[in-house]
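A look at the structure
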Amino acid sequence: MLMRHYTEQSPLYDEMWASAPFHPSPHEHWKPLMEKLQQMGSAELHQRSLEIQRLLRENGVTYSVYNDPNGLHRPWKLDPVPLVVGENDWLVIERGLQQRVELLNFILSDIYGEQRLIAQGLLPVELIYTHNGFLRPCARIAFPTPEASKRQLRIYAADMARGPDNRMWILSDRTQAPSGAGYALENRLVMNRALADTFAGVTSSGSTVRRLVPFFSSLQESLVATVPEPRRNPHIVVLTPGPGNEAHFEHAYLASSLGYSLVQGEDLTVRDGYVWLRSLGGLQRVDVIMRRVDDSFCDPLELRSDSHLGVAGLVEVVRRGNVAITNPLGSGVLENPALMAFLPTLARHFLGEDLILPSAATWWCGQEQERQYVLEHLPSLIVKLIDRETKHRAVFGHDLSTQDLKNLRAAIEREPHRYVGQEYVHFSTTPSFINGILEPRYAVLRSFLIARGDGYTVMPGGLTRAANDTNTFLVSNQSGGVSKDTWVLASAPEESPYRVQSAEEPSASDEPTEQIAQEYSLSSRTAENLFWVGRYAERAQTSARLLRTILQQRAELVPQGFAQGISEGSSRTDTAFIHTLLCTLTQTTMTYPGFIGEDRAEILLHPEAELLSVVLDTERIGSVASTLQAFTRSVYAVRERLSADTWRIIGDLERYWSDVHAATADGEMTDETRLRLAQTALDRVIASLAAFLGLNMESMRYDEGWFLLDAGRRLERTLQMSSMLRSILTFKQETPIEQLLLERMLDLNECLMTYRSRYRSRLHIASVLDLLLCDRTNPRSMVYQLERLQKRVEDLPHKRPHKAFSSLAEQERLVLEALTSLRLADAQHLTKTDDTGMRTALDTLLSKVSDLTANVSASVTQEFFNHAHTQQQML
């Protein structure tokens with residue numbers, strides 16, 4: 001059934017069919033896979049596809065689409081049918097890619113070196129100098145080590161598709177900071193789990209699918225080879241634009257897999273001619289930067305002055321040979337599509353051979369004859385700008401109206417050097433599983449190469465992307481394409497794959513006795529985000545618990561609904577009890593004016609809208625939704641520090657919360673129904689955050705990152721508990737009301753069962769205060785939080801003011817003062833009231849502890865998270 005439907009739709013050129021459309025049959029290297037898929041059937045393949053998407057969601061694999069109204073992080077898509085490449089076919093592709101990258105490496109070295117290509121007229125000067133990727137400050141800069149200097153282009157990727165001559169054609173060259181290798185590896189790992197029997201079926205036919213892991217070991221070796229001053233533990237970092245970048249998942253994934261620090265521009269600084277990482281323990285020298293930032297953004301002093309992504313002075317450090325950058329700054333010039341018009345001539349001139357992998361015929365409009373050809377044939381060409389810009393895509397001439405063609409001609413004539421025309425070529429399709437059947441889709445394969453030793457290592461496979469529509473020729477993730485695993489077959493089994501080795505680990509040839517462990521470098525930015533992950537998680541949990549309690553009490557005490565119940569006979573005790581909880585909600589979440597504003601009487605009578613706002617309004621600071629947004633942003637900023645199981649929790653919570661927002665947005669839904677949905681959502685938030693915190697407490701390494709995450713939790717819990725106690729217990733109320741409030745206060749802090757098992761009597765405020773404030777054996781007590789906070793603060797690498805003395809850091813003094821105040825407190829004394837009914841001693845103590853704890857947060861921020869402003873050009 002799968003095959004029959006596909007044969008009806010298959011176009012002239014297809015990856016799977018040996019001939020088409022007459023008497024089609026699969027290529028030999030496709031037969032084992034197709035036989036397995038036929039046996040599986042549509043229903044089973046659909047289940048495997050769902051399993052693939054579930055695994056990707058649980059692993060937190062995302063891709064961001066610019067200007068996407070549906071959100072920043074879009075789930076990654078993977079088709080269950082891979083692209084299969086035969087062994088002999090791949091050998092040709094491999095040789096062609098190696099030939100092309102050697103030629104591009106020569107061009108790159110010449111452009112920023114002797115510039116013989118320009119002097120001899122082999123490359124027009126306007127082609128290079130007018131391209132945004134040509135960076136004049138990078139002239140004469142090369143890698144400091146002899147081995148690396150031979151191959152300036154360290155990482156290369158090429159987008160390919162099969163042309164009508166059955167050869168792979170190069171569509172574009174990626175030399176800036178090629179993305180996709182991490183996604184290719186993740187695709188393979190997921191396919192290994194979801195279609196393990198399919199891999200086995202291919203293997204049983206006498207072929208094997210070549211592995212990808214060794215390529216990443218080659219990547220590590222390539223990066224180490226560029227270290228300016230070879231040493232045992234080179235410090236290598238991955239420079240990312242940040243969580244807002246489209247491929248931030250891959251940046252974090254590679255950093256975590258390779259054992260490198262993931263940094264942003266603000267984490268690095270230049271001093272004394274070197275690049276340093278701002279870490280909690282001080283400055284740490286950086287040897288190699290694997291950049292994921294476009295080169296023009298890497299230095300706001302010598303390159304783009306408006307950049308906030310780079311490091312001021314970076315070019316000068318590279319110029320001095322004190323840091324290596326992969327790929328080198330200025331390599332983006334090779335992504336100029338107009339270069340394709342000159343590559344065949346350059347290959348014959350310098351290599352003495354034709355290009356093994358051709359490119360589509362290209363005409364650069366900066367040349368008179370070529371420009372005339374493009375202008376005369378616009379309807380049949382693809383027109384591109386020579387500079388890659390997100391807002392300008394390739395233009396298909398046959399899709400343009402008469403007026404659009406006229407406008408395009410005018411633009412070309414106005415700035416001809418900025419445009420190229422390319423031949424429109426029909427490329428092959430590949431089978432994709434769409435709505436339960438196989439359908440042909442245009443696909444592009446991106447393969448990756450790494451400079452290693454005397455040549456380049458090719459990833460055996462790569463990242464394949466298929467179009468999302470039958471007639472779509474533009475294939476990219478930004479346009480909604482679907483990724484595919486790429487299976488390169490081999491007749492002989494490969495050796496057992498060796499794992500990716502961290503840069504801090506010695507090679508197999510090193511003596512074990514000489515192994516030196518290098519501490520993970522925790523940047524100041526990462527430390528700050530971990531601290532706020534702990535704070536936001538605790539804040540969201542506390543707010544959710546309090547809201548859940550209010551909704552539960554509302555259902556029990558006022559079953560008819562707030563307004564109706566209160567007006568029709570709710571007891572004064574019940575009313576006062578609920579009103580106190582509502583005012584406590586406003587004070588704890590800081591969502592003023594809330595239930596204590598000027599119109600509090602009306603809102604207390606009809607609180608449904610206010611409650612829904614505090615739960616669901618993402619624009620309201622202090623709401624559960626807003627706090628969860630802040631929590632998610634901080635988590636995404638440190639995703640390389642978190643385990644796969646942690647990401648499953650985060651992904652599930654994000655999806656569930658998104659579904660709740662969509663459901664409650666129904667205009668026909670009553671507030672009562674929304675509140676019931678909100679209560680269920682609060683249960684999920686509490687459970688998910690508890691699982692998140694518990695898992696990280698057990699799975700994270702006990703280093704400075706863990707200390708700060710735990711410190712954030714303890715600090716926030718102290719502040720939240722202080723706020724609730726001040727709101728609920730500092731004013732004496734009638735005994736029935738106070739009994740209800742004491743019980744809820746214990747329940748909110750998960751101490752109700754502890755109190756009952758310990759005292760076995762009615763609630764007494766002195767006993768409750770002793771349990772919540774001063775009991776060192778109660779893990780929810782305030783003194784317990786401060787003791788843990790004290791320990792966490794002591795573990796941080798403080799800059800002591802006087803090393804000769806055992807002086808305390810400011811944070812340690814503040815915590816000690818708060819802790820001492822609690823330890824010296826007498827619970828009975830705290831219950832005494834003045835003439836107004838206020839428990840003055842209790843309010844004073846809680847106010848003091850709250851202020852001291854808030855000052856601890858400010859002091860930690862000042863010492864460890866105080867980032868320097870990015871330096872930029874004044875003119």
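Here the structure is a predicted model, which means the values were calculated and not measured.

Here is what the cut-offs are and how they apply
Residues numbered from 1 in each chain as written. Predicted model: local features only at pLDDT ≥ 70, side-chain atom pairs only at ≥ 80, totals over all residues. Heavy atoms only, no water. Salt bridge = Lys/Arg side-chain N within 4 Å of Asp/Glu carboxyl O. Buried < 20%, exposed > 50% of the residue type's maximum accessible area, 1.4 Å probe, protein only. Phe/Tyr/Trp six-rings, centres within 6.5 Å; stacked < 30°, edge-to-face > 60°. Helix = DSSP H or I, 4+ residues; strand = E, 2+ residues; numbered from the N terminus. Pairing = 2+ DSSP bridges. Axes fitted to C-alpha atoms, helices over the stretch in contact; angles between N-to-C directions. Contact = heavy atoms within 4.5 Å. Left-handed = near helix turned anticlockwise from the far one by under 90°. Nonpolar A, V, L, I, M, F, W, Y, C, P; charged D, E, K, R; others polar. Core = buried A, V, L, I, M, F, W, Y, C linked by side-chain atoms within 4.5 Å.

1. Overview of the pattern of salt bridges
By the definition in use, this model includes 57 salt bridges. The partner of D165 in a salt bridge is R167, with the nearest N and O atoms 2.9 Å apart. The class of R167 is partly exposed, set by a relative accessible area of 38%. Several salt bridges share partner residues, and in doing so they unite E51, R54, E58, D645 and R648 into one network.

2. Observations concerning the packing of aromatic side chains
Tallied over the entire structure, the rule returns 22 aromatic pairs. With centroids separated by 5.6 Å and ring planes inclined at 90°, the aromatic side chains of F215 and F216 adopt a geometry described as edge-to-face. As far as the burial class goes, F215 and F216 line up, both buried. For the pair W532 and Y536, a centre-to-centre distance of 5.1 Å together with 40° between the ring planes defines the contact as tilted. Linking W532 with Y536, this pair stays in helix α15 (residues 524-557), spanning four residues, or about one helical turn.

3. Here we look at the sheet that holds strand β12 (residues 288-291)
One key point about sheets: their strands pair by backbone hydrogen bonds, in either a parallel or an antiparallel sense. With parallel pairing, the four strands of this open sheet are ordered in space as β8-β7-β12-β13. Sheet topology places β8 (261-263) and β13 (324-326) at the edges, where each strand pairs with a single neighbour. Pairs of neighbouring strands in the sheet enclose a mean axial angle of 30°, with direction left out of account. Across four bridges, the pairing between strand β7 (residues 236-239) and β12 is parallel. Of the residues in β12, the one forming a bridge with V237 is I289. Across the sheet, helix α9 (residues 213-224) lies against β7, β12 and β13, angled at about 130° from β12, the strand it touches most. Packing against the sheet, helix α10 (residues 248-258) makes contact with β7, β8 and β12, and its axis sits at approximately 150° to β8.

4. Focus on the packing of helix α17 (residues 572-589) against helix α23 (residues 704-729)
At their nearest, the axes of α17 and α23 sit 9 Å apart, and the two run at 145° to each other. The two elements α17 and α23 meet at a crossing, and its hand is right-handed. For the pair α17 and α23, the contacting residues are T580, L581, C583, T584, Q587 and T588 in the first and Q720, S723, M724, S727 and I728 in the second. Its residues assigned to classes, the contact of α17 with α23 comprises four nonpolar, seven polar and no charged.

5. Side note on the sheet that holds strand β11 (residues 282-285)
The antiparallel open sheet is built from three strands, whose spatial order is β9-β10-β11. One side of each edge strand has no neighbouring strand; the edge strands of this open sheet are β9 (268-271) and β11. Along the sheet, successive strands turn relative to each other by an average axial angle of 45°, direction set aside. Summarising the sheet, β9 and strand β10 (residues 274-279) pair through four bridges and their orientation is antiparallel. Note on β10: the bridge partner recorded for V270 is V275.

6. Some points on the environment of P146
Topologically, P146 is positioned in helix α6 (residues 146-150). Residues P146 and A225, 79 residues apart in the sequence, show an inter-C-alpha distance of 9.5 Å.

7. Here we look at helix α19 (residues 608-616)
Note that an α-helix has 3.6 residues per turn; residues three or four places apart therefore point the same way. Burial analysis of α19 places eight of its nine residues in the buried class, which makes it a mostly covered element. Every buried residue of α19 is listed here: E608, E610, L611, L612, S613, V614, V615 and L616.

8. Here's the deal with unusual backbone geometry
Looking along the chain, the bond that leaves T326 and enters N327 is cis, with omega of -15°. Along the chain, the position of N327 falls in the loop between β13 and α12 (343-351). A cis amide bond, omega 0°, links Y592 with the succeeding residue P593. When you line up the elements, P593 lands in the loop between α17 and α18 (600-605). Look at D272: it is not a glycine, yet its phi comes out positive at around 55°. Summarising the element assignment, D272 is placed in the loop between β9 and β10. Judged by its relative accessible area of 70%, D272 is exposed. Residue E750 is not a glycine yet carries a positive backbone phi of 55°. Assignment of secondary structure puts E750 in the loop between α24 (735-748) and α25 (752-759).

9. Digging into the nonpolar core
Soluble globular proteins: nonpolar side chains tend toward being buried together. Ranked by internal contacts, the top residues of the largest apolar core, which has 126 residues, are I107 and I289. Broken down by element, the residue count for this core peaks at nine residues, all from helix α3 (residues 87-111). With residues near it in sequence (within four places) discarded, I107 still touches L117, L123, L334, L343 and L346. In this structure, L612, L616, I650 and L769 belong to the second largest nonpolar core, which totals 103 residues.

10. Here's the deal with the pairing of strand β4 (residues 155-162)
The buried fraction of β4 is high, at eight of eight residues. Burial along β4 is two-sided: the residues I155, A157, D159 and A161 and Y156, A158, M160 and R162 are all buried. Examined bridge by bridge, β4 and strand β19 (residues 437-452) share six bridges and lie antiparallel to one another. Within the sheet, the bridge partner assigned to M160 lies in β19 and is L445. Note: β4 against strand β5 (residues 168-174), six bridges, orientation antiparallel. Note that in β5 the partner of D159 across the bridge is S172.

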